[in-house]
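# A structural walkthrough
Now for the letters of each chain:
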Amino acid sequence: MVHVLRNALLADGRTVDITVQDGKISAVGAAGSPLPAESTSDDLGGRLLLPAMVEPHAHIDKALTADTVPNPRGDLMGAIEAWISASDRGQFTHDDMVERAAAALTRLLLNGTTAVRTHVNVGGEVGASYVVAVKEAVKRFEGLMDVQIVALTHQPITGNDGRGNRAALLEAIEVGIDLVGGCPHLDPDPRGLIDNAIKVATDAGLGIDLHIDETLNPSMLTLPIFARAIQESGFAHSVSASHCVSLSVQPVAQQVAVAKEVAAAGISIIPLPQTNLFLQGWDHPVSMPRGITPIDVLRDHGVRVAAGADNVQDPFNPMGRSDGLETAALLVMAAHQLPPVAMDLVSNAGREVLGLGRVEMRVGDSADFFAIAAPSVRGALADAPRDRMVFRQGRLVARRSESETIAR
Ligand SMILES: [Zn+2]
C-alpha cells in the first residue's frame, strides 16, 4: 500500500510530496509530481511537516488532577505530600485513573506526539495497581502511539522501611513495565537506591530512568554517583536521568566534569523546564533560579539530551497543554535554546532516547510526522497553532482544527 502526503512544507523551505510505503518514507519529490498508480493521498495544503513529537517524561497517572488535588505551597514536597495523601485516602479509583491517563494521551496525540515515556507511581498503599490502570489506558492507543512505562518507586527503597516498596517494584515488573525508576535524592541512601535499580533492571532486562537531583540544593548531586555506578556495573540497557536540577547551580568546571562522566556512561539527560520552573525556587525571592539543567554544557560534551513537560495540570504543575511546542517555547525563553534546537529536543532527540530512529525526511525514515499551519519552526513555536495533522507510519491518526471569526 502506497500513500502520498502531498504539498508538505519542509523546515528547509522546500514544498514536497512524500511517498510512504510500509510505514517508511520511500520517496521525497517535488510537490505536484504524478501520484504512483493505486496510491492514496492526503493533501497537507502547504502545512509545515515536522518529525512527530515525543514526550520523554510524563506522569499520566497523575495528569489532570490540579483541581481535585491542590498544592497550595507550590513546591515539590508540597506536591508529593498532596499526591500521596490523596492516594492514601483512596481518591484515585481504577476507572478514574484509566480515564485521566487516556485523556492525557489523547491530548498528546492530537498535538502531534506519537511516542511517550510515562512514569507511574509504584509502592506505598497502592503497590503496582496504578501500572495496571495505566496499561489499560495505553491499550486504547495501540497502533497510534508508542508508550513506555517507568516504575516510579515511592521512597524509601533502601533499608527495612523500603521492603514494601522494593516488593512493589518487583510486582510492577510482573505486571509489565519498560524501565525502572525512582528518586535517589529523596532516599536516605541515594547510592543504595541506584544500586538496587541497576540490579533489578539487570535481572529483568529493563532500562533505567531515574528522577535525579530535583532540587536547587547544590550539595545534593547524585548524577556523578549514578554515572559511576552505571559504568562500574557494565549496565547494558537504556539509561536516562531526568531533571538534574542541581547541576544547574554548580560552577561551570563542575558541570563540565559531570557532563564528561555522564557522556562516558551513556546516560541520556531529560530536562523538564515547565514543571521545574513551577516547583523550584519558591525560597529564592531574589534572582529566582530557573531550575533547568545546563543543556549546552551537556550537549557540548557529547551527552544526548531530550526535553519533556513532566507533569500536566496536577499538584506538581497546574499548567500544561500536553503540547511539545509549549515545552520547546519554554526551552527558548527559559533555557536559551534557539527554535530549531528546541524543536529537535522535543522531537528527534526524544526519539533517540526512546530507541526510535530519527526522522530526517529521508528515504527509509519512519513516516511519523505532524503537520502544522505555520510558516517555519520558529513560527510554529511562537503561535502553536491548533490546526494539526498527525501521522504515524504514514497513516493520519489524529487531526485537530481551529476556526476563527471576527464579526465587524
Ligand atoms: Zn517526573
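From N to C terminus, the protein chain includes 13 helices and 15 strands. The C-alpha extent of the protein chain, read off along each of the three principal axes, is 70 × 55 × 50 Å. A separation of at least 24 residues holds for 75% of the contacts in the protein chain among residues at least 6 apart in sequence.

Next up on the list: the domain arrangement of the protein chain. One widely used convention gives an interface's size as the accessible area the parts lose upon coming together. For the protein chain, the assigned domains read domain 1 (2–52 + 359–400) and domain 2 (53–353). Distance from the C-alpha centre of domain 1 to the C-alpha centre of domain 2: 31 Å. At the junction of the two partners, domain 1 supplies 17 residues and domain 2 supplies 21 residues. Listing elements by their share of the side of domain 1 that touches domain 2, those giving two or more residues are β5 (48–51), α13 (377–383), β14 (388–392) and β15 (395–400). With four residues, the single largest contributor to the side of domain 1 that touches domain 2 is α13. Its residues placed into classes, the side of domain 1 that touches domain 2 shows twelve nonpolar, no polar and five charged.

What follows is about the packing of helix α6 (residues 223–233) against helix α7 (residues 252–265). Contact geometry for α6 and α7: axes closest at 9 Å, N-to-C directions at 30 degrees. Classified by the angle their axes make, α6 and α7 are roughly parallel. Remark: the crossing between α6 and α7 carries left-handed chirality. Along the contact surface, α6 presents Leu 223, Pro 224, Ala 227, Arg 228, Ile 230 and Gln 231, while α7 presents Val 258, Glu 261, Val 262, Ala 264 and Ala 265. When the residues that make up the contact of α6 with α7 are grouped by side-chain class, the tally is eight nonpolar, one polar and two charged.

Bringing the sheet that holds strand β9 (residues 179–180) into the picture now. The strands that make up a sheet pair up through hydrogen bonds in the backbone, lying either parallel or antiparallel. Overall, parallel pairing links the seven strands, which are arranged β6-β7-β8-β9-β10-β11-β12 in an open sheet. Single-partner strands in this sheet number two, and they are β6 (53–58) and β12 (268–270). Direction of pairing for β9 relative to strand β10 (residues 207–212): parallel, over a ladder of two bridges. In the strand pairing of β10, Leu 179 is matched with Gly 207.

Right, let's get into α7. An ideal rise of 1.5 Å per residue puts 20 Å on 14 residues; α7 measures up with 20 Å between its terminal C-alpha atoms. For α7, every residue scored as buried is listed here: Val 258, Ala 259, Glu 261, Val 262 and Ala 265. Buried residues of α7, seen end-on, are gathered within an arc of 165 degrees and therefore sit on one face of the element. Exposed residues lying more than 90 degrees from the buried face of α7 are Val 252 and Ala 253. Turning to α7, the residues buried within the fold contact α6, β12 and α9 (295–300).

Once that is clear, we can look at helix α1 (residues 76–88). Note on helix geometry: an α-helix contains 3.6 residues per turn, so any two residues three or four positions apart are oriented the same way. End to end, α1 covers 18 Å across 13 residues, agreeing with the expected 18 Å (1.5 Å per residue, within 8%). For α1, the set of buried residues is Leu 76, Ala 79 and Trp 83. For α1, the angular spread of buried residues about the axis comes to 65 degrees, placing them on one side. Of the residues in α1, the exposed ones pointing more than 90 degrees away from the buried face are Met 77, Ser 85 and Asp 88. On the buried face of α1, the contacting elements are α8 (273–279). At the C-terminal side of α1, Gly 90 shows a positive phi close to 80 degrees.

This part is about the packing of helix α5 (residues 190–204) against α6. Where α5 contacts α6, the two axes come as close as 10 Å, and the packing angle between them is 35 degrees. The two elements α5 and α6 meet at a crossing, and its hand is right-handed. Taken together, the residues of α6 that come into contact with α5 (itself represented by Pro 190, Arg 191, Ile 194, Asp 195 and Ile 198) are Ile 225, Phe 226, Ala 229 and Ser 233.

On to unusual backbone geometry, then. The amide bond that connects Gln 155 to the next residue, Pro 156, takes the cis arrangement and shows omega of -5 degrees. By secondary structure assignment, the location of Pro 156 is in the loop between β8 (146–153) and α4 (163–175). Its identity as a non-glycine residue notwithstanding, Glu 38 has a phi of 55 degrees, on the positive side. Looking at where Glu 38 falls in the secondary structure, it is placed in the loop between β3 (24–30) and β4 (40–43). Taking the number of C-beta atoms within 10 Å as the measure of exposure, Glu 38 has 7 and is therefore exposed. Of note in the backbone geometry, Gln 393 takes a positive phi value of approximately 50 degrees without being a glycine. Assignment of secondary structure puts Gln 393 in the loop between β14 and β15.

Another aspect to go through is the environment of Asp 368. In this structure, Asp 368 sits in the loop between α12 (348–353) and β13 (369–372). Asp 368 gets classed as buried once you count the C-beta atoms within 10 Å, which come to 27. Considered as a pair, Asp 368 and Ile 25 are 343 residues apart in the sequence and their alpha carbons are 9.4 Å apart. With sequence-adjacent residues up to four places away left out, Asp 368 is seen in contact with Pro 51, Ala 52, Thr 114, Val 359, Phe 391, Arg 392 and Gln 393.

For strand β1 (residues 2–9), a buried count of six out of eight residues is recorded, marking the element as mostly surrounded by other parts of the structure. As paired strands, β1 and strand β2 (residues 15–21) are joined by six bridges and run antiparallel to one another. Across the sheet, Ala 8 pairs through a bridge with Val 16, a residue of β2. Taking the residues between adjacent antiparallel strands as the criterion, β1 and β2 are bridged by five residues, where Gly 13 takes a positive phi near 100 degrees. Here four bridges tie β1 to β4, and the two strands are oriented parallel to one another. Following the sheet pairing, Arg 6 is matched in β4 by Asp 43.

Each value, and the rule that gives it
- Residues numbered from 1 in each chain as written.
- Predicted model: local features only at pLDDT ≥ 70, side-chain atom pairs only at ≥ 80, totals over all residues.
- Helix = DSSP H or I, 4+ residues; strand = E, 2+ residues; numbered from the N terminus.
- Contact = placed C-beta atoms within 7 Å.
- Domains from an automatic or database assignment.
- Nonpolar A, V, L, I, M, F, W, Y, C, P; charged D, E, K, R; others polar.
- Axes fitted to C-alpha atoms, helices over the stretch in contact; angles between N-to-C directions.
- Parallel < 35°, antiparallel > 145°, perpendicular 65-115°, else oblique.
- Left-handed = near helix turned anticlockwise from the far one by under 90°.
- Pairing = 2+ DSSP bridges.
- Expected span 1.5 Å × (residues − 1).
- Buried ≥ 20, exposed ≤ 12 C-beta atoms within 10 Å, placed from the backbone.
- Arc of directions from axis to C-beta.

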